[in-house]
Amino acid sequence: MTDGAKTIIGIRSVTKRFNGNVLAVDDVSLDIKSGEFFALLGPSGCGKTTLLRMIAGFEVPSDGSVEIDGQVVDDVPPNKRPVNMVFQSYAVFPHMTVADNVAYGLKMDGVPSSEAKGRVEEALGLVQLPGYGERMPDQLSGGQRQRVALARALVKRPKVLLLDEPLSALDAKLREAMQLELRNLQAKVGITFVMVTHDQDEALSMADRVAVMESGRVRQLAAPRDLYEFPNCRFVADFIGKMNLFEGVVKSSAGNEISVGIDGIGDVRLPFDGSAQGKIGIAIRPEKAKVTADKPSDEDCLSLEGQVTQVAYYGNESHVFVKTASGLDFSVTTQNNERSVVAATNPGDRRWVSWRRKDTLILAE
Ligand code: ATP
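Residues numbered from 1 in each chain as written. Predicted model: local features only at pLDDT ≥ 70, side-chain atom pairs only at ≥ 80, totals over all residues. Heavy atoms only, no water.

Looking at the pairing of strand β14 (residues 279–284)
Right, so step 1: Of all six residues in β14, five are buried, a share of seventy percent or more.
Right, so step 2: In the sheet, strand β11 (residues 244–254) pairs with β14 via six bridges, with the strands oriented antiparallel. Looking across to β14, one finds that Asn-244 is bridged to Ile-284.
Right, so step 3: Sheet analysis places β14 next to strand β20 (residues 361–363), joined by three bridges and oriented antiparallel. (Buried < 20%, exposed > 50% of the residue type's maximum accessible area, 1.4 Å probe, protein only. Helix = DSSP H or I, 4+ residues; strand = E, 2+ residues; numbered from the N terminus. Pairing = 2+ DSSP bridges.)

Regarding the site of the ligand
Right, so step 1: Neighbouring the ligand are Phe-18, Asn-19, Val-22, Ala-24, Pro-43, Ser-44, Gly-45, Cys-46, Gly-47, Lys-48, Thr-49 and Thr-50.
Right, so step 2: Contributions of two or more residues to the shell around the ligand are made by β2 (22–33) and α1 (48–56).
Right, so step 3: Here the shell around the ligand gets three residues from one element, more than from any other, and that element is α1. (Near = heavy atom within 4 Å.)

Observations concerning the pattern of salt bridges
Right, so step 1: Within the structure shown, the criterion is met by 25 salt bridges.
Right, so step 2: Residue Glu-229 is joined to Lys-288 by a salt bridge in which the shortest nitrogen-to-oxygen separation is 3.3 Å. Placement of the pair is Glu-229 in helix α7 (residues 224–229) and Lys-288 in the loop between β14 and β15 (289–292), with a sequence separation of 59 residues.
Right, so step 3: Looking at Lys-288, the relative accessible area reads 24%, which means it is partly exposed. (Salt bridge = Lys/Arg side-chain N within 4 Å of Asp/Glu carboxyl O.)

So, helix α2 (residues 98–108)
Right, so step 1: Those residues of α2 that fall on the buried side of the exposure criterion are Val-98, Ala-99, Asn-101, Val-102, Ala-103, Gly-105 and Leu-106.
Right, so step 2: At its buried positions, α2 is contacted by α3 (113–126) and α4 (142–154). (Contact = heavy atoms within 4.5 Å.)

What to know about the environment of Val-268
Right, so step 1: Inspection of the secondary structure assignment puts Val-268 in strand β13 (residues 266–271).
Right, so step 2: For the pair Val-268 and Arg-357, spaced 89 residues apart in the sequence, the C-alpha separation amounts to 9.0 Å.
Right, so step 3: For Val-268, the residues in contact, after removing those within four places along its chain, are Ile-258, Ser-259, Val-260, Ile-262, Leu-302 and Arg-357.

Digging into the packing of α2 against α3
Each pair of packed helices can be summarised by the angle the axes make with each other and by the distance between the axes.
Right, so step 1: Running from N to C, α2 and α3 cross one another at 115°; their axes reach a closest spacing of 9 Å. Once α2 is placed against α3, the crossing between them reads as right-handed. Here Val-98, Ala-99, Val-102, Ala-103 and Leu-106 of α2 lie close against α3, whose contacting residues are Ala-116, Arg-119, Val-120, Ala-123 and Leu-124.
Right, so step 2: Across the contact of α2 with α3, the residue classes tally to nine nonpolar, no polar and one charged. (Axes fitted to C-alpha atoms, helices over the stretch in contact; angles between N-to-C directions. Left-handed = near helix turned anticlockwise from the far one by under 90°. Nonpolar A, V, L, I, M, F, W, Y, C, P; charged D, E, K, R; others polar.)

Considering the sheet that holds β14
Right, so step 1: In spatial order, the strands read β13-β12-β11-β14-β20; together these five strands make up an open sheet with antiparallel pairing. Only two strands of the sheet have a single partner each, and these edge strands are β13 and β20. Sheet twist, expressed as the mean angle between neighbouring strand axes with direction ignored, is 40°.
Right, so step 2: Two strands pair when backbone bridges link them, and β11 and strand β12 (residues 257–262) are joined in this way by six bridges, in the antiparallel orientation. Looking at the pairing, Ser-253 lines up with Ile-258 of β12.

Concerning the domain arrangement of the protein chain
Right, so step 1: Along its sequence, the protein chain is organised into domain 1 (7–233) and domain 2 (242–363).
Right, so step 2: The centre of domain 1, based on its C-alpha atoms, is set 39 Å off from the matching centre of domain 2.
Right, so step 3: Contact with domain 1, which involves seven residues of that partner, is made by six residues of domain 2.
Right, so step 4: Between domain 1 and domain 2 the total buried area reaches about 490 Å² when both faces are included, carbon and sulfur atoms providing 52% of it.
Right, so step 5: The three residues of domain 1 that bury the most area against domain 2 are Tyr-228, Glu-229 and Pro-231, which together make up 80% of that side's buried surface.
Right, so step 6: Put simply, domain 1 and domain 2 have one salt bridge between them.
Right, so step 7: Taken together, domain 1 and domain 2 are joined by three residue pairs in polar contact (both at pLDDT 80 or more).
Right, so step 8: Across the side of domain 1 that touches domain 2, the residue classes tally to five nonpolar, one polar and one charged. (Domains from an automatic or database assignment. Buried area = accessible area lost by both parts, 1.4 Å probe. Polar contact = N/O pair within 3.5 Å; in protein donor to acceptor, adjacent residues only side chain to side chain.)

Notes on the packing of α2 against α4
Right, so step 1: Interhelical geometry of α2 versus α4 gives an angle of 35° and a closest axis separation of 7 Å. Two packed elements cross with a definite hand, and for α2 against α4 that hand is right-handed. Judged by residue contacts, Val-98, Asn-101 and Val-102 of α2 engage Val-148, Ala-151 and Arg-152 from α4.

Things to note about the nonpolar core
Within soluble globular proteins, side chains that are nonpolar tend to cluster in buried spots.
Right, so step 1: By size, the foremost hydrophobic cluster in this structure holds 48 residues, and its most contacted members are Val-102, Leu-150, Leu-161, Val-210, Val-212 and Ile-240.
Right, so step 2: In terms of residues, this core owes the most to one element, α4, which gives six residues.
Right, so step 3: Core analysis: the next-biggest nonpolar cluster, separate from the first, contains 27 residues, Val-25, Leu-30, Ile-32 and Met-85 among them. (Core = buried A, V, L, I, M, F, W, Y, C linked by side-chain atoms within 4.5 Å.)

This is the structure:
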(Lines give C-alpha, C1' and ligand atoms only; values in the text may rest on other atoms or scores of the structure.)
Protein backbone atom coordinates (compact mmCIF):
# COMPACT_ATOMS: atom_id res chain seq x y z
CA MET A 1 0.00 0.00 0.00
CA THR A 2 1.26 3.47 -0.74
CA ASP A 3 0.67 6.55 1.40
CA GLY A 4 -1.86 8.90 -0.07
CA ALA A 5 -3.65 6.03 -1.83
CA LYS A 6 -7.26 6.81 -2.62
CA THR A 7 -10.10 5.70 -0.40
CA ILE A 8 -11.79 2.61 -1.79
CA ILE A 9 -14.22 2.05 1.08
CA GLY A 10 -15.71 4.86 3.12
CA ILE A 11 -17.68 4.02 6.23
CA ARG A 12 -19.61 7.17 7.08
CA SER A 13 -21.14 7.36 10.58
CA VAL A 14 -22.50 3.85 10.23
CA THR A 15 -24.77 2.44 12.91
CA LYS A 16 -26.49 -0.93 12.82
CA ARG A 17 -29.28 -1.92 15.19
CA PHE A 18 -30.87 -5.36 15.05
CA ASN A 19 -34.52 -5.78 16.06
CA GLY A 20 -34.56 -2.12 17.03
CA ASN A 21 -32.49 -2.55 20.18
CA VAL A 22 -29.27 -4.61 19.66
CA LEU A 23 -26.62 -2.00 18.85
CA ALA A 24 -24.14 -4.07 16.78
CA VAL A 25 -22.23 -1.16 15.17
CA ASP A 26 -22.24 2.23 16.85
CA ASP A 27 -21.46 5.30 14.74
CA VAL A 28 -18.33 4.01 12.98
CA SER A 29 -16.45 6.16 10.47
CA LEU A 30 -13.30 4.99 8.72
CA ASP A 31 -11.54 5.00 5.36
CA ILE A 32 -10.00 1.91 3.80
CA LYS A 33 -7.37 2.73 1.18
CA SER A 34 -7.01 1.17 -2.22
CA GLY A 35 -4.50 -1.71 -2.20
CA GLU A 36 -4.49 -1.96 1.56
CA PHE A 37 -4.69 -5.12 3.68
CA PHE A 38 -7.10 -3.98 6.36
CA ALA A 39 -8.17 -5.99 9.42
CA LEU A 40 -11.21 -5.59 11.64
CA LEU A 41 -10.20 -7.08 14.98
CA GLY A 42 -12.08 -7.50 18.22
CA PRO A 43 -13.63 -9.90 20.69
CA SER A 44 -16.73 -11.93 19.91
CA GLY A 45 -19.80 -9.75 19.51
CA CYS A 46 -17.93 -6.45 18.96
CA GLY A 47 -19.64 -5.90 15.60
CA LYS A 48 -16.81 -6.66 13.16
CA THR A 49 -18.75 -9.22 11.09
CA THR A 50 -21.76 -6.92 10.91
CA LEU A 51 -19.53 -4.14 9.59
CA LEU A 52 -18.04 -6.47 6.96
CA ARG A 53 -21.52 -7.66 5.95
CA MET A 54 -22.60 -4.04 5.46
CA ILE A 55 -19.67 -3.52 3.08
CA ALA A 56 -20.70 -6.70 1.24
CA GLY A 57 -24.33 -5.56 1.13
CA PHE A 58 -25.75 -8.47 3.17
CA GLU A 59 -26.83 -5.97 5.84
CA VAL A 60 -28.06 -2.42 5.42
CA PRO A 61 -26.97 0.34 7.86
CA SER A 62 -29.67 1.66 10.23
CA ASP A 63 -27.91 5.04 9.99
CA GLY A 64 -25.04 6.42 7.95
CA SER A 65 -23.79 5.07 4.66
CA VAL A 66 -21.17 2.91 2.97
CA GLU A 67 -19.26 4.19 -0.05
CA ILE A 68 -17.29 1.98 -2.41
CA ASP A 69 -14.99 3.65 -4.88
CA GLY A 70 -16.69 7.00 -4.31
CA GLN A 71 -20.27 5.71 -4.78
CA VAL A 72 -22.84 5.39 -1.99
CA VAL A 73 -23.87 1.74 -2.27
CA ASP A 74 -26.66 1.50 0.29
CA ASP A 75 -29.19 0.68 -2.43
CA VAL A 76 -26.86 -1.59 -4.42
CA PRO A 77 -27.43 -5.35 -3.93
CA PRO A 78 -24.44 -7.56 -2.98
CA ASN A 79 -24.00 -9.09 -6.46
CA LYS A 80 -23.80 -5.64 -8.06
CA ARG A 81 -21.06 -4.36 -5.74
CA PRO A 82 -17.41 -4.56 -6.84
CA VAL A 83 -16.59 -6.73 -3.84
CA ASN A 84 -16.41 -10.44 -3.20
CA MET A 85 -16.59 -12.32 0.07
CA VAL A 86 -14.69 -15.39 1.27
CA PHE A 87 -16.43 -17.11 4.15
CA GLN A 88 -15.21 -18.79 7.31
CA SER A 89 -16.15 -22.30 6.22
CA TYR A 90 -14.69 -23.06 2.82
CA ALA A 91 -17.97 -22.56 0.97
CA VAL A 92 -17.17 -24.74 -2.07
CA PHE A 93 -19.79 -26.84 -3.87
CA PRO A 94 -18.95 -30.49 -3.06
CA HIS A 95 -20.52 -31.93 -6.24
CA MET A 96 -18.53 -29.71 -8.65
CA THR A 97 -14.92 -30.00 -9.80
CA VAL A 98 -12.45 -27.40 -8.62
CA ALA A 99 -12.54 -25.71 -12.05
CA ASP A 100 -16.36 -25.60 -12.06
CA ASN A 101 -16.34 -24.20 -8.53
CA VAL A 102 -13.97 -21.43 -9.55
CA ALA A 103 -15.84 -20.75 -12.81
CA TYR A 104 -19.25 -20.63 -11.10
CA GLY A 105 -19.42 -16.85 -10.59
CA LEU A 106 -18.17 -16.14 -14.11
CA LYS A 107 -20.86 -18.41 -15.56
CA MET A 108 -23.52 -16.56 -13.55
CA ASP A 109 -22.19 -13.30 -15.01
CA GLY A 110 -22.42 -14.73 -18.55
CA VAL A 111 -18.68 -14.71 -19.21
CA PRO A 112 -18.07 -16.88 -22.34
CA SER A 113 -16.60 -20.27 -21.42
CA SER A 114 -13.52 -19.75 -23.63
CA GLU A 115 -12.58 -16.65 -21.56
CA ALA A 116 -13.65 -18.27 -18.29
CA LYS A 117 -11.27 -21.19 -18.86
CA GLY A 118 -8.22 -18.93 -19.01
CA ARG A 119 -9.31 -16.90 -16.01
CA VAL A 120 -9.92 -20.05 -13.94
CA GLU A 121 -6.41 -21.33 -14.74
CA GLU A 122 -4.96 -17.94 -13.85
CA ALA A 123 -6.84 -17.87 -10.51
CA LEU A 124 -5.77 -21.42 -9.65
CA GLY A 125 -2.19 -20.42 -10.41
CA LEU A 126 -2.48 -17.45 -8.05
CA VAL A 127 -3.54 -19.65 -5.14
CA GLN A 128 -0.87 -22.22 -6.03
CA LEU A 129 -3.25 -24.90 -7.27
CA PRO A 130 -2.32 -25.06 -10.96
CA GLY A 131 -3.53 -28.28 -12.58
CA TYR A 132 -6.04 -29.06 -9.79
CA GLY A 133 -9.05 -28.11 -11.94
CA GLU A 134 -10.38 -31.63 -12.45
CA ARG A 135 -10.24 -32.67 -8.80
CA MET A 136 -13.33 -32.87 -6.62
CA PRO A 137 -13.36 -30.91 -3.34
CA ASP A 138 -13.27 -34.10 -1.24
CA GLN A 139 -9.91 -34.92 -2.84
CA LEU A 140 -8.39 -31.77 -1.33
CA SER A 141 -6.98 -30.90 2.09
CA GLY A 142 -8.64 -28.20 4.22
CA GLY A 143 -6.03 -25.65 3.19
CA GLN A 144 -6.47 -26.48 -0.49
CA ARG A 145 -10.27 -26.14 -0.22
CA GLN A 146 -9.82 -22.71 1.34
CA ARG A 147 -7.58 -21.78 -1.59
CA VAL A 148 -10.30 -22.87 -4.02
CA ALA A 149 -12.70 -20.56 -2.18
CA LEU A 150 -10.15 -17.78 -2.57
CA ALA A 151 -9.67 -18.52 -6.27
CA ARG A 152 -13.42 -18.42 -6.73
CA ALA A 153 -13.52 -14.92 -5.27
CA LEU A 154 -10.39 -13.67 -7.06
CA VAL A 155 -11.46 -14.91 -10.48
CA LYS A 156 -14.12 -12.20 -10.59
CA ARG A 157 -11.41 -9.54 -10.21
CA PRO A 158 -13.19 -7.62 -7.50
CA LYS A 159 -11.89 -4.24 -6.34
CA VAL A 160 -12.17 -5.45 -2.77
CA LEU A 161 -11.97 -8.93 -1.28
CA LEU A 162 -13.82 -9.36 2.01
CA LEU A 163 -12.56 -12.19 4.20
CA ASP A 164 -14.58 -13.40 7.19
CA GLU A 165 -12.23 -15.29 9.54
CA PRO A 166 -10.73 -16.98 6.46
CA LEU A 167 -8.26 -19.17 8.33
CA SER A 168 -10.22 -20.11 11.45
CA ALA A 169 -11.08 -23.62 10.24
CA LEU A 170 -7.41 -24.53 9.66
CA ASP A 171 -5.05 -26.11 12.18
CA ALA A 172 -2.31 -23.98 13.74
CA LYS A 173 0.59 -24.89 11.40
CA LEU A 174 -1.41 -24.59 8.21
CA ARG A 175 -2.87 -21.38 9.48
CA GLU A 176 0.54 -19.79 9.85
CA ALA A 177 1.58 -20.91 6.38
CA MET A 178 -1.67 -19.55 4.91
CA GLN A 179 -1.18 -16.24 6.74
CA LEU A 180 2.06 -15.71 4.83
CA GLU A 181 0.52 -16.97 1.62
CA LEU A 182 -2.49 -14.68 1.83
CA ARG A 183 -0.22 -11.74 2.55
CA ASN A 184 1.91 -12.55 -0.50
CA LEU A 185 -1.16 -13.09 -2.63
CA GLN A 186 -2.57 -9.72 -1.65
CA ALA A 187 0.72 -7.99 -2.50
CA LYS A 188 0.78 -9.77 -5.86
CA VAL A 189 -2.78 -9.04 -6.99
CA GLY A 190 -2.89 -5.59 -5.40
CA ILE A 191 -6.59 -5.92 -4.55
CA THR A 192 -7.79 -4.33 -1.29
CA PHE A 193 -8.34 -7.04 1.34
CA VAL A 194 -10.61 -6.46 4.33
CA MET A 195 -10.36 -9.26 6.85
CA VAL A 196 -12.39 -9.92 9.98
CA THR A 197 -10.59 -11.78 12.72
CA HIS A 198 -10.63 -12.20 16.49
CA ASP A 199 -7.04 -13.46 16.36
CA GLN A 200 -4.63 -10.64 17.13
CA ASP A 201 -1.57 -12.52 15.82
CA GLU A 202 -3.33 -12.91 12.51
CA ALA A 203 -4.24 -9.22 12.34
CA LEU A 204 -0.79 -8.01 13.39
CA SER A 205 1.14 -10.29 11.05
CA MET A 206 -1.03 -9.79 7.98
CA ALA A 207 -2.59 -6.34 7.94
CA ASP A 208 -1.21 -2.94 6.94
CA ARG A 209 -3.69 -1.35 9.34
CA VAL A 210 -5.97 -2.74 12.00
CA ALA A 211 -9.20 -1.32 13.43
CA VAL A 212 -9.68 -2.65 16.97
CA MET A 213 -13.36 -2.78 17.86
CA GLU A 214 -15.19 -3.05 21.17
CA SER A 215 -18.95 -2.92 21.70
CA GLY A 216 -19.70 -1.70 18.19
CA ARG A 217 -17.08 1.08 18.20
CA VAL A 218 -13.57 1.44 16.82
CA ARG A 219 -11.27 2.03 19.78
CA GLN A 220 -8.05 2.43 17.76
CA LEU A 221 -7.12 2.32 14.10
CA ALA A 222 -3.40 2.02 13.43
CA ALA A 223 -0.58 0.04 11.88
CA PRO A 224 0.30 -3.14 13.81
CA ARG A 225 3.48 -1.73 15.41
CA ASP A 226 1.70 1.41 16.56
CA LEU A 227 -1.14 -0.61 18.05
CA TYR A 228 1.23 -2.84 19.94
CA GLU A 229 3.72 -0.23 21.13
CA PHE A 230 1.33 2.70 21.57
CA PRO A 231 -2.14 1.45 22.49
CA ASN A 232 -4.38 4.43 23.18
CA CYS A 233 -6.52 2.91 25.94
CA ARG A 234 -6.62 0.10 28.46
CA PHE A 235 -8.89 -2.01 26.29
CA VAL A 236 -6.48 -2.05 23.33
CA ALA A 237 -3.44 -2.44 25.62
CA ASP A 238 -5.00 -5.49 27.19
CA PHE A 239 -6.54 -6.97 24.04
CA ILE A 240 -3.40 -6.81 21.87
CA GLY A 241 -0.64 -9.03 23.24
CA LYS A 242 0.10 -9.51 26.92
CA MET A 243 0.37 -6.59 29.30
CA ASN A 244 1.14 -5.78 32.92
CA LEU A 245 -1.51 -3.21 33.84
CA PHE A 246 -1.48 -1.16 37.03
CA GLU A 247 -3.40 1.79 38.42
CA GLY A 248 -1.86 5.20 39.01
CA VAL A 249 -2.66 8.83 39.73
CA VAL A 250 -1.05 11.85 38.09
CA LYS A 251 0.76 14.00 40.68
CA SER A 252 2.13 16.65 38.36
CA SER A 253 3.35 17.10 34.83
CA ALA A 254 5.81 19.52 33.31
CA GLY A 255 7.64 19.62 30.01
CA ASN A 256 8.11 16.11 28.72
CA GLU A 257 7.80 14.48 32.08
CA ILE A 258 5.01 13.34 34.31
CA SER A 259 5.08 12.40 37.96
CA VAL A 260 2.73 9.59 38.94
CA GLY A 261 1.90 7.66 42.05
CA ILE A 262 1.50 4.01 41.12
CA ASP A 263 -0.20 1.50 43.41
CA GLY A 264 2.48 -0.92 44.63
CA ILE A 265 5.33 0.97 42.96
CA GLY A 266 5.32 4.43 44.55
CA ASP A 267 5.94 7.89 43.09
CA VAL A 268 7.93 7.86 39.88
CA ARG A 269 8.86 10.23 37.09
CA LEU A 270 8.15 9.08 33.55
CA PRO A 271 8.81 10.61 30.15
CA PHE A 272 5.47 11.68 28.66
CA ASP A 273 4.53 14.35 26.17
CA GLY A 274 0.76 13.93 26.14
CA SER A 275 -1.72 15.27 28.63
CA ALA A 276 -3.19 13.28 31.48
CA GLN A 277 -4.70 13.95 34.87
CA GLY A 278 -6.42 12.07 37.66
CA LYS A 279 -6.51 8.29 37.50
CA ILE A 280 -4.49 6.64 34.76
CA GLY A 281 -3.47 3.17 33.68
CA ILE A 282 0.21 2.19 33.73
CA ALA A 283 1.24 -0.57 31.38
CA ILE A 284 4.46 -2.50 30.76
CA ARG A 285 4.87 -5.22 28.14
CA PRO A 286 6.26 -8.47 29.61
CA GLU A 287 9.13 -8.58 27.11
CA LYS A 288 10.19 -5.02 27.94
CA ALA A 289 10.93 -6.06 31.54
CA LYS A 290 13.88 -8.05 32.86
CA VAL A 291 14.37 -10.45 35.74
CA THR A 292 17.76 -10.23 37.46
CA ALA A 293 19.30 -11.54 40.66
CA ASP A 294 20.73 -8.11 41.60
CA LYS A 295 19.15 -4.72 41.67
CA PRO A 296 19.97 -2.89 38.41
CA SER A 297 21.87 0.34 39.00
CA ASP A 298 20.65 2.05 35.82
CA GLU A 299 18.95 5.37 36.65
CA ASP A 300 16.76 5.05 33.56
CA CYS A 301 15.19 1.89 34.94
CA LEU A 302 12.50 1.29 37.50
CA SER A 303 12.89 -1.83 39.61
CA LEU A 304 10.91 -3.84 42.13
CA GLU A 305 11.98 -6.71 44.33
CA GLY A 306 9.92 -9.86 44.50
CA GLN A 307 9.67 -13.60 44.49
CA VAL A 308 9.20 -15.84 41.47
CA THR A 309 5.87 -17.65 41.76
CA GLN A 310 5.81 -19.57 38.48
CA VAL A 311 7.85 -20.17 35.34
CA ALA A 312 6.14 -21.31 32.13
CA TYR A 313 8.61 -22.70 29.59
CA TYR A 314 7.73 -22.43 25.86
CA GLY A 315 11.04 -23.45 24.26
CA ASN A 316 11.98 -20.19 22.57
CA GLU A 317 10.87 -18.13 25.57
CA SER A 318 9.76 -18.45 29.16
CA HIS A 319 7.13 -16.50 31.06
CA VAL A 320 8.32 -15.67 34.54
CA PHE A 321 5.70 -14.61 37.10
CA VAL A 322 6.91 -12.53 40.01
CA LYS A 323 4.97 -11.33 43.07
CA THR A 324 6.57 -8.10 44.21
CA ALA A 325 7.14 -7.29 47.87
CA SER A 326 4.38 -4.68 47.49
CA GLY A 327 1.94 -7.35 46.26
CA LEU A 328 1.88 -6.70 42.49
CA ASP A 329 1.76 -9.61 40.07
CA PHE A 330 4.27 -9.05 37.29
CA SER A 331 4.84 -11.20 34.24
CA VAL A 332 8.14 -11.05 32.36
CA THR A 333 8.93 -12.76 29.06
CA THR A 334 12.52 -13.93 28.78
CA GLN A 335 14.14 -15.22 25.58
CA ASN A 336 15.92 -18.56 25.85
CA ASN A 337 18.75 -17.45 23.60
CA GLU A 338 21.30 -19.96 24.81
CA ARG A 339 21.00 -23.72 24.56
CA SER A 340 20.57 -25.07 28.06
CA VAL A 341 18.40 -27.56 29.91
CA VAL A 342 18.92 -25.78 33.21
CA ALA A 343 16.37 -23.10 34.06
CA ALA A 344 17.92 -19.74 34.94
CA THR A 345 14.97 -18.84 37.15
CA ASN A 346 12.82 -21.08 39.32
CA PRO A 347 9.76 -20.62 41.52
CA GLY A 348 10.79 -19.39 44.96
CA ASP A 349 13.84 -17.40 43.71
CA ARG A 350 14.21 -13.81 44.98
CA ARG A 351 14.56 -11.58 41.94
CA TRP A 352 14.40 -7.98 40.75
CA VAL A 353 11.99 -7.00 38.00
CA SER A 354 13.12 -3.91 36.09
CA TRP A 355 12.18 -1.99 32.99
CA ARG A 356 13.11 1.27 31.36
CA ARG A 357 11.07 4.33 32.26
CA LYS A 358 10.57 5.08 28.59
CA ASP A 359 8.96 1.68 28.07
CA THR A 360 6.21 2.50 30.55
CA LEU A 361 2.91 3.27 28.85
CA ILE A 362 0.56 5.85 30.28
CA LEU A 363 -3.06 5.22 29.45
CA ALA A 364 -5.40 8.09 30.10
CA GLU A 365 -8.56 6.12 29.19
P1 ATP B 1 -18.03 -12.99 16.32
O2 ATP B 1 -16.55 -12.90 16.32
O3 ATP B 1 -18.55 -13.80 17.47
O4 ATP B 1 -18.62 -13.36 15.01
P5 ATP B 1 -18.56 -10.19 15.82
O6 ATP B 1 -17.64 -9.22 16.43
O7 ATP B 1 -18.37 -10.50 14.40
O8 ATP B 1 -18.58 -11.52 16.68
P9 ATP B 1 -21.25 -9.52 15.11
O10 ATP B 1 -21.53 -10.87 14.52
O11 ATP B 1 -21.06 -8.39 14.20
O12 ATP B 1 -20.01 -9.61 16.09
O13 ATP B 1 -22.42 -9.19 16.14
C14 ATP B 1 -22.48 -7.96 16.87
C15 ATP B 1 -23.72 -7.99 17.75
O16 ATP B 1 -24.89 -7.99 16.95
C17 ATP B 1 -23.82 -9.21 18.65
O18 ATP B 1 -24.37 -8.82 19.87
C19 ATP B 1 -24.76 -10.11 17.89
O20 ATP B 1 -25.46 -10.97 18.77
C21 ATP B 1 -25.69 -9.12 17.23
N22 ATP B 1 -26.23 -9.64 15.96
C23 ATP B 1 -25.52 -9.96 14.85
N24 ATP B 1 -26.34 -10.36 13.86
C25 ATP B 1 -27.61 -10.28 14.34
C26 ATP B 1 -28.91 -10.54 13.80
N27 ATP B 1 -29.06 -10.95 12.54
N28 ATP B 1 -29.98 -10.34 14.60
C29 ATP B 1 -29.83 -9.89 15.87
N30 ATP B 1 -28.63 -9.62 16.44
C31 ATP B 1 -27.54 -9.80 15.69
